[in-house]
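The residues making up each chain are set out below.
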Amino acid sequence: MKPGIHPAYGPVVFRDKAAGFAFLTRSTATGTTTVEWEDGRTYPVIDVEISSQSHPFYTGTARVLDTAGRVERFQRRYGRAEGER
């Protein structure tokens, strides 16, 4: 890699305020605030609105849409009548 053109890559805490969940990872993103992590060190923190701990797909609370009958309803509204070709 070319030196001097890439952003700094370091540890960052991502915090999901909705679920009260945070995780430490490495990223080029930087936050304006800091937080003291479990290891006693201070890291920049980025607050996110949704993570795997609060997203309905991952938590199992996703609603399943009823798709049964949609084709039949379309055929009734806009389709051809029976026997018509």
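Only a predicted model underlies this, so the values are computations on that prediction, with no experimental measurement involved. (Residues numbered from 1 in each chain as written. Predicted model: local features only at pLDDT ≥ 70, side-chain atom pairs only at ≥ 80, totals over all residues. Heavy atoms only, no water.)

Peer 1: In this structure, what is going on with the overall build of the protein? I would like to understand it.
Peer 2: Tallying secondary structure elements over the protein gives 2 helices and 4 strands in all. Along the protein, helices and strands appear, N-terminal first, in the series β-β-β-β-α-α. Here the protein holds 85 residues, and the buried ones make up 13% of them. Within the protein, counting contacts between residues at least 6 apart in sequence, those at least 24 apart form 32% of the total. Within the structure as shown, the protein displays about 7500 Å² of accessible surface, and the carbon and sulfur contribution to it stands at 51%. (Helix = DSSP H or I, 4+ residues; strand = E, 2+ residues; numbered from the N terminus. Buried < 20%, exposed > 50% of the residue type's maximum accessible area, 1.4 Å probe, protein only. Contact = heavy atoms within 4.5 Å. Areas by Shrake-Rupley, 256 points an atom, 1.4 Å probe, with all protein chains shown as cover.)

Peer 1: Looking at this model, I keep getting lost on the environment of Ala8. Mind explaining?
Peer 2: Turning to its location among the elements, Ala8 is positioned in the segment before β1 (10–16). Note on Ala8: relative accessible area 65%, which makes it exposed. As a C-alpha pair, Ala8 and Thr30 span 22 residues in sequence and 9.0 Å in three-dimensional space. In contact with Ala8, other than residues within four places in its own chain, are Ser27 and Thr28.

Peer 1: Where do I start with the side chain of Asp16 in this structure?
Peer 2: Mapping Asp16 onto the fold places it in strand β1. At 8.8 Å, Arg15 is the nearest oppositely charged side chain to Asp16, a buried residue that forms no salt bridge. One polar contact links the side chain of Asp16 to the main-chain amide nitrogen of Ala18, over a distance of 3.1 Å. Among residues more than four places away in sequence, those in contact with Asp16 are Phe21, Val48, Glu49, Ile50, Ser51 and Ser54. (Lys, Arg positive; Asp, Glu negative; His and termini not counted. Salt bridge = Lys/Arg side-chain N within 4 Å of Asp/Glu carboxyl O. Polar contact = N/O pair within 3.5 Å; in protein donor to acceptor, adjacent residues only side chain to side chain.)

Peer 1: Teacher, can you tell me more about the pattern of salt bridges here?
Peer 2: When their charged atoms lie close together, side chains carrying opposite charge are able to pair. For the structure on display, the rule yields 1 salt bridge. For the salt bridge of Arg15 with Asp47, the shortest nitrogen-to-oxygen distance reads 2.7 Å. Pair noted here: Arg15 is in strand β1 and Asp47 is in strand β4 (residues 42–48), with a separation of 32 residues, a long-range link. Using a relative accessible area of 40% as the deciding quantity, one classes Asp47 as partly exposed.

Peer 1: How do you make sense of the packing of aromatic side chains when you look at a structure like this?
Peer 2: For any pair of aromatic rings, the description consists of the separation of the ring centres together with the inter-plane angle of the planes. Scanning all chains against the criterion turns up 2 aromatic pairs. Taken together, a centroid distance of 5.7 Å and an interplanar angle of 20 degrees make the contact between Phe14 and Phe23 stacked. Arranged with centres 5.8 Å apart and planes meeting at 35 degrees, the rings of Phe21 and Phe23 form a pair that is tilted. Among the residues examined, Phe23 registers a relative accessible area of 34% and is labelled partly exposed. (Phe/Tyr/Trp six-rings, centres within 6.5 Å; stacked < 30°, edge-to-face > 60°.)

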